[in-house]
Amino acid sequence: MTIPSDLIVFEIDVPERLQARMERLASSETKVNFSRTLVPADLAGDWITPLCATNFTKEKPTLWIIEGVLPYLNDEATCRLLETLRGYSAHGSQMWCDHIHSDILVTLEQDSVLDRRRELLVPWCSTWSDPVNQLARSGWAGRAWTLNNLITPLPENPPASWMPTISSSDATLDTQYRWFISAKVQSKSQKDLLMGLCEIPKRVQIKYIYDCLGSQIFEQVTKAPGYYLTKTECAIIDRHADDIAACVAARTLIELGSGSSEKAKKLLDIFHVGGDLTHYIAVDISADALEKSKCALRAQYKNLVIKSMAGDFTDPIPFDIEARPALVTMLGSTIENQLPQERHHLFCNIHSQMQRGDALLLGLDLVKDEEAMISAYGDGKGSLAAFFKNGLTVLNYELGANFDLDNFNHITTWNRQCRRVENLLQAKVPHVVTLSNPNSAVHFKEKEELQVGISYKFCKEEVRTELLNAGFSLSCWWEEPKGRYALVRSHCIIHEER
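Procedures and definitions
- Residues numbered from 1 in each chain as written.
- Predicted model: local features only at pLDDT ≥ 70, side-chain atom pairs only at ≥ 80, totals over all residues.
- Heavy atoms only, no water.
- Helix = DSSP H or I, 4+ residues; strand = E, 2+ residues; numbered from the N terminus.
- Buried < 20%, exposed > 50% of the residue type's maximum accessible area, 1.4 Å probe, protein only.
- Pairing = 2+ DSSP bridges.
- Axes fitted to C-alpha atoms, helices over the stretch in contact; angles between N-to-C directions.
- Contact = heavy atoms within 4.5 Å.
- Salt bridge = Lys/Arg side-chain N within 4 Å of Asp/Glu carboxyl O.

A.B. asks: So what about the environment of Cys295? Which residues, and what values?
C.D. replies: Within the secondary structure, Cys295 sits in helix H12 (residues 287–300). A relative accessible area of 48% places Cys295 in the partly exposed class.

This is the structure:
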């Protein structure tokens, strides 16, 4: 195996074993061309403190290799170890480990093996019958194989880069009952989806149900005659372009939820072609969409520094602003999909990275006639229903679920108390949806609703209060003549201004 020269290896073990390993390595002809750091510690105790005292950083992806350890930890210690590893693992981190299959304890031929381990005072303290589920409880998404799988190679088996070829003559009763496990940090989307399905009522955040097909379907929704949001927002920008340019002097434009960046092009024309804009930063949960839009924008705006950041903008994301003033935008009423507490946290995260002169520009759908708000989400062709039902196929992929699209009806309703449009998938019949990542089940009663999309509608004074509570002062309100939609500019209040 070729090992990168910039690899940093941290070896965590009790001191005597580290010393023995060093002596064996010194007496061999093996040469290492990477950095090795020894961390004397007992995994059953506090090993994080000595690890963090080295140059280890949890901000970088880590490959954790745990060989021949888990069987000697009890269930509580194993769970604690896995949760600790999860907490010190950046996105992209992985774990390789082994464990003992629980079936070994009921195999009569293994009595001698178990007795011998007890005599040597090295008994197994735990076993696993379902590694995937055990790992999921601690925030890991894993796959597991026994040597029986590896003796006869299959396409779904682990890559040869980390698993040696096993011949049937090398297999023993002991090793045939050993799990070999590959796991990665459970994604935030998986965690949020699982939590949402456990809520009452059941809820799925709309940002997690997009895929390529879903994006194409939703594009058809936005082109429907009744869907006024995008068209109205563009009209406001065209109508007030001079005013927007006059009161927003931006050198960096940051778009949250950029998608194809089509919405930002009108602002880029205002601030880059006719102003001092030098940098554009697109932030979106879809890396594919970012890459496509970046290539297209670079061809159109050749002197503009264009950066893309793949991630969930509802989490704290460092914008890395090089040129100020900066303008952060959320167009297309992106903000309407957030719960009030989520909006507050998002505004606070944005404010924490702003300085004097920076500003926030929001596109907001306003409270109006109920029929008009609901009709915006229907084109008469069932496109929106197709979009949300397609979201179930995304859940099937993400969670290993078996949602049946035909078991649900799509309905759109106005929640007067919360002042939001709700898109729901209502169960036609009682049924159970099984999940394999992790192994669990979700029960639906007849007519039980799964909330798949929320769209809050806003009033000016409520918006002013929300912004002020997060450190922004509403300074410009551009509203379309029919009063359906508004473009809102607010400036960052620094501490001494409050």
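A.B. asks: So what's going on with the sheet that holds strand E18 (residues 472–479)? Residues and values would help.
C.D. replies: Spatially, seven strands are ordered E10-E9-E8-E11-E12-E19-E18 in an open sheet, and the strand pairing comes out mixed. Two strands close off the open sheet at either side, each with one partner strand: strand E10 (305–310) and E18. Adjacent strand axes in the sheet meet at a mean angle of 20°, parallel and antiparallel pairs treated alike. Running over the sheet, helix H13 (residues 340–351) touches strand E8 (252–256), strand E11 (326–330), strand E12 (359–365), E18 and strand E19 (485–492) and is turned about 160° from E11.

A.B. asks: Got a sec to walk through the pattern of salt bridges? Specific residues and values, please.
C.D. replies: Considering all chains together, one arrives at 23 salt bridges under this definition. Across the pair Asp358 and Arg324 runs a salt bridge whose closest N-O atoms are separated by 2.4 Å. One end of the pair, Asp358, is in the loop between H13 and E12; the other, Arg324, is in the loop between E10 and E11, with 34 residues separating them in the sequence. With relative accessibility at 1%, the residue Asp358 sits in the buried group.

A.B. asks: Quick rundown of the sheet that holds strand E6 (residues 178–185)? Include the residues and the values.
C.D. replies: Read from one edge to the other, the open sheet built from four strands follows the order E3-E4-E6-E5, with strand pairing classed as mixed. Across the chains shown, the open sheet's two edge strands, defined by having one partner strand only, are strand E3 (63–66) and strand E5 (140–146). On average, each strand axis in the sheet is tilted by 20° relative to the strand beside it, whichever way the strands run. Bridge count for E5 against E6 is seven bridges, and the pairing is antiparallel. Bridge pairing links Gly142 to Ala183 in E6.

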